[in-house]
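So you can see what is in the structure, the chains are spelled out below.
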Amino acid sequence: MTGKNDNLEVLMQLALKGDQRAYASLLQQTSHLLRPYLARRLNSAGEVDDLLQEILISIHKARHTYDGNRPYKPWAYAIAKFRLSDFLRAHYADQLYHAVDFDELEEMLPEDVTETGFSYESIHAEVQKLPEKQAAILAMMHQDGYTAKEVAAKMEMNESAVKVAAHRAYKLLRKMLER
Amino acid sequence: MIDNLIDSLIADAVELKPAPHPFTLSLQWLGVAAIYLALSFALFGQRPDLAAQFHQPWFTAEIAALLCILVATSLSAALLVFPDLHQLRGFAFAPLAAFVLLIVVLFFAWQADTPPALLPVHSFECTISIALFSLLPAGGMFFVMHHFASTHYRWAGSVALLFAFSVGALWLRLFEVNNSIVHVIEWHYLPMLAIGVTGMWLGKKILKW
């Protein structure tokens with residue numbers, strides 16, 4: 001009764017009557033069934049394992065909503081899909097929560113450059129290799145000590161454009177210095 | 001890891017009675033609603049011109065549409081508490097058809113309302129009365145539904161609250177002496193939209209598992 005190919009509906013009916021062997025077989029078969037489904041939708045094996053555990057617990061909690069008189073798989077997949085959506089929602093919400101805002105990043109980047117141990121003078125030659133406008137912006141910000149707002153006023157640009165140009169310049173500089 | 005979990009789950013696997021079929025559940029809710037309405041009429045009475053009103057075709061049609069909403073929402077709520085909607089997905093959309101029917105009936109009732117019946121002196125009091133009357137059925141519904149496992153908890157909450165509000169709307173329509181269809185649309189039925197949205201929020205709060 002607890003063989004691999006047993007009918008899942010029958011196994012659940014027996015499980016609801018308290019047959020622990022049938023229930024163990026049902027949960028094993030369900031996990032084999034759901035693992036590839038989750039693996040196709042998630043990145044890491046760890047995430048698949050975590051979510052699979054959650055789904056099995058949910059199936060356990062909701063087993064009274066299954067009577068064994070209708071196909072088992074749609075019922076189990078409905079729960080799996082529900083938990084997967086929850087997991088993905090939480091996952092992306094978490095990523096957004098920890099994401100650094102682009103404006104914040106721009107504010108942080110000049111600090112990173114000055115805190116790496118080298119001065120503007122020491123990378124002056126590399127700065128001169130940058131596009132003219134980017135080089136001018138970096139010179140004003142790091143040689144003359146202007147803020148992004150002051151640079152924007154002097155160059156008749158808006159502040160965000162100055163920050164974006166500076167950000168691009170830092171990226172190019174980093175590449176040059178890493179070579 | 002999974003094997004350990006399965007071991008702990010089977011250790012907890014005692015004999016369990018399966019939940020009733022959604023049709024049975026729906027009938028139970030309808031039965032309780034009928035008793036609640038009957039008790040209310042026994043305690044507070046009904047509109048004195050009720051028998052005469054049932055000779056008005058659009059009034060009768062409106063009550064019939066409300067009854068359809070009651071049946072459809074109870075059935076839909078009963079299905080939505082099952083993770084797989086008991087594999088009867090089509091029935092879960094029954095309230096849509098019932099609401100379309102009510103809208104059509106109200107439209108024709110409004111067309112037939114010539115000269116328009118006088119508006120009653122009260123207005124939002126009706127909405128409040130319906131909402132208060134619906135509290136008990138709504139509480140009961142959510143209590144029962146909470147013990148199931150809805151994977152569509154927002155919709156389940158919305159439909160449950162619409163069922164409860166329909167019980168209230170039916171009671172008031174049979175209790176209050178009021179022939180103004182404009183008033184009925186404005187203060188009895190339009191608030192159902194807000195109730196549906198509130199139900200979604202409540203469903204998320206109460207039925208999420």
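Note that the structure is a prediction, hence the values are computed from the model and not measured. Per chain, the residues get numbers from 1 upward, laid out in the order the sequence is written. As a convention, the first chain written is A and the first ligand written is 1, with the rest following in written order. Owing to the predicted nature of the model, reporting of local features is limited to residues with pLDDT of at least 70; listing and counting of side-chain atom pairs is limited to 80 or more, with chain, interface and lining totals taken over all residues. Only hydrogens and water are set aside when side-chain values are computed; all heavy atoms of the structure are taken into account.

Visitor: Even after reading the chapter, I still don't get the overall build of chain A, so can you show me in this structure?
Guide: Strands here are runs of E lasting at least two residues and helices are runs of H or I lasting at least four, both read from the DSSP assignment and numbered beginning at the N terminus. Looking only at helices and strands, one finds nine helices and zero strands in chain A. Reading chain A from its N end, one meets helices and strands in the order α-α-α-α-α-α-α-α-α. With 179 residues in all, chain A has 42% of them scored as buried. Accessibility throughout is a Shrake-Rupley quantity obtained with a 1.4 Å probe, and a residue counts as covered only by protein chains that appear here. If you sum the accessible surface of chain A, you get close to 10300 Å²; carbon and sulfur atoms cover 52% of it. Residue burial is assigned from relative accessible area. The probe radius is 1.4 Å, only protein chains are included, and a residue is buried under 20% of its type maximum, exposed over 50%, and partly exposed in between.

Visitor: I tried to follow the packing of helix 6 (residues 94-112) of chain B against helix 9 (residues 181-189) of chain B on my own but got confused; where do I start?
Guide: Packed helix pairs are characterised by how far apart their axes lie and by the angle those axes make with each other. Residues and elements named next belong to chain B. Across the interface, helix 6 lies against helix 9 with an axial gap of 9 Å and an inter-helix angle of 150°. For the element pair helix 6 / helix 9, the angle class is roughly antiparallel. The segment helix 6 lies against helix 9, with L102, L106, A109 and W110 engaging I181, V182, I185 and Y189. Three classes are used, and their members are as follows: Ala, Val, Leu, Ile, Met, Phe, Trp, Tyr, Cys and Pro are nonpolar, Asp, Glu, Lys and Arg are charged, and the others, Gly among them, are polar. Considered class by class, the residues forming the contact of helix 6 with helix 9 number eight nonpolar, no polar and no charged. With axes taken as lines fitted to C-alpha atoms, and helix axes fitted only over the stretch in contact, angles between N-to-C directions fall between 0 and 180 degrees. Roughly parallel covers angles under 35 degrees, roughly antiparallel covers those over 145, roughly perpendicular covers 65 to 115, and oblique covers all other angles. Any two residues having at least one pair of non-hydrogen atoms within 4.5 Å are treated as being in contact.

Visitor: Please clarify how the interface of chain A and chain B should be interpreted in this entry.
Guide: The accessible area lost on association of the parts is a frequent measure of interface size. Each side of the interface is counted separately: chain A has 35 residues, and chain B has 29 residues. When two components associate, each loses some accessible surface as probed by a 1.4 Å sphere; the sum of these losses over both components is called the buried area. Taking both sides of the interface into account, the surface hidden between chain A and chain B amounts to around 2800 Å²; carbon and sulfur atoms contribute 65%. Three residues, H64, R70 and F82 of chain A, lead the burial of chain A against chain B; their summed loss comes to 21% of the area buried on that side. What makes a salt bridge here is a side-chain nitrogen of Lys or Arg within 4 Å of a carboxyl oxygen of Asp or Glu, nothing more. On the surface where chain A and chain B come into contact, there are two salt bridges. Between D84 of chain B and R70 of chain A there is a salt bridge whose closest N-O contact spans 2.9 Å. Two N or O atoms count as a polar contact when they lie within 3.5 Å, although within protein this holds only if one can serve as hydrogen donor and the other as acceptor, and sequence-adjacent residues are included solely when both atoms are side-chain atoms. There are 10 residue pairs in polar contact (both at pLDDT 80 or more) connecting chain A and chain B. When residues of the side of chain A that touches chain B are traced back to their parent elements, those giving at least two are helix 1 (8-16), helix 2 (20-39), helix 3 (45-61) and helix 4 (72-98) of chain A. Class assignment of the residues belonging to the side of chain A that touches chain B gives a composition of 16 nonpolar, nine polar and 10 charged.

Visitor: Is there a simple way to think about the confidence of the model for chain B in this case?
Guide: Reading predicted coordinates in detail is not appropriate for stretches of low pLDDT. Residues and elements named next belong to chain B. Known as pLDDT, the predictor's per-residue confidence is scaled from 0 to 100. Taken as a whole, chain B shows an average pLDDT of 94; of its residues, 100% reach a score of 70 or greater. The secondary structure element of chain B with the lowest average pLDDT is helix 1 (residues 2-11), at 89, and the one with the highest is helix 2 (residues 22-44), at 97. Scored by ipTM, the complex comes to 0.87, with pTM at 0.75.

Visitor: Would you mind showing me how to read the domain arrangement of chain A here?
Guide: Boundary definitions for the domains trace back to an automatic or database domain assignment. When the domains of chain A are assigned, the result is domain 1 (8-97) and domain 2 (124-178). If you average the C-alpha positions of domain 1 of chain A and of domain 2 of chain A, the two centres end up 54 Å apart.

Visitor: Just checking my understanding: could you explain the nonpolar core for this structure?
Guide: Soluble globular proteins: nonpolar side chains tend toward being buried together. Residue and element names in this part refer to chain B. Each nonpolar core is a collection of buried residues, namely Ala, Val, Leu, Ile, Met, Phe, Trp, Tyr and Cys, held together in the definition by side-chain atoms within 4.5 Å. Ranked by size, the top nonpolar core spans 61 residues in total, and within it W29, M145, F163, V167 and Y189 carry the most contacts. For this core, the secondary-structure elements that each account for two or more residues are helix 2, helix 4 (57-80), helix 6, helix 7 (124-146), helix 8 (153-175), helix 9 and helix 10 (191-206). At 15 residues, the largest contribution of residues to this core is made by helix 8. Excluding residues within four positions of it along the chain, W29 makes contact with S74, A77, A78, M141, V144, M145 and F163.

Visitor: What should I look at first to understand the layout of surface pockets in this one?
Guide: Summary: where empty space remains is shown by rolling a probe the size of a single water molecule over the atoms. A cavity here means a set of 1 Å grid points, computed over protein atoms only, where a 1.4 Å probe fits but cannot escape. A pocket is an open set with protein on both sides within 12 Å along at least 5 of 7 lines, and lining residues have an atom within 4 Å of a point. Grid points are joined across faces, edges and corners, and a volume is the space filled by probe spheres set on the points. Each pocket or cavity is described by its volume, and for the largest pocket that value is around 690 Å³. Around the largest pocket, the lining comprises 25 residues; the ones closest to its centre are P95, L96, F99, W155 and L162 of chain B. Listing elements by their share of the lining of the largest pocket, those giving two or more residues are helix 4, helix 5 (89-92), helix 6, helix 8, helix 9 and helix 10 of chain B. In terms of residues, the lining of the largest pocket owes the most to one element, helix 6 of chain B, which gives six residues. Residue composition of the lining of the largest pocket, grouped by class: 20 nonpolar, four polar and one charged. Taken as a whole, the second largest pocket holds about 350 Å³ of empty space. Lining the second largest pocket are 16 residues; nearest its centre among them are A78, K81 and F82 of chain A together with T151 and H152 of chain B. Looking at the lining of the second largest pocket, the elements that each hand over two or more residues are helix 4 of chain A together with helix 8 of chain B. Per-element accounting of the lining of the second largest pocket gives the leading share, seven residues, to helix 4 of chain A. Tallied by class, residues from the lining of the second largest pocket come to six nonpolar, four polar and six charged.

Visitor: Hey, could you run me through the confidence of the model for chain A in this one?
Guide: Residues with a pLDDT of 70 or more make up 83% of chain A, whose mean pLDDT is 83. No element of chain A has a lower mean pLDDT than helix 5 (residues 102-114) of chain A, at 58, and none a higher one than helix 2 of chain A, at 94.

Visitor: Looking at this structure, I do not really get unusual backbone geometry. What am I missing?
Guide: In terms of backbone geometry, most residues other than glycine have negative phi values and most peptide bonds are trans. A cis geometry characterises the amide bond from T114 of chain B onward to P115 of chain B, with omega recorded as -10°. If you trace the backbone, P115 of chain B turns up in the loop between helix 6 and helix 7. With a phi angle near 55°, E156 of chain A is a residue other than glycine that sits in the positive phi range. You can see E156 of chain A is positioned in the loop between helix 8 (148-155) and helix 9 (159-178).

Visitor: What is the right way to look at the pattern of salt bridges in this model?
Guide: Should the charged atoms of two oppositely charged side chains come close, the side chains can pair. Counting across every chain of the model gives nine salt bridges over all chains. Where R83 of chain A meets D86 of chain A, a salt bridge forms, and the shortest distance between an N and an O atom there is 3.2 Å. Note that R83 of chain A and D86 of chain A are positioned in helix 4 at a spacing of three residues, about one turn of the helix. The class of D86 of chain A is buried, set by a relative accessible area of 14%. With a closest N to O distance of 2.5 Å, E62 of chain B and R173 of chain B form a salt bridge. With a gap of 111 residues between them, E62 of chain B in helix 4 and R173 of chain B in helix 8 connect regions that are remote in the sequence.

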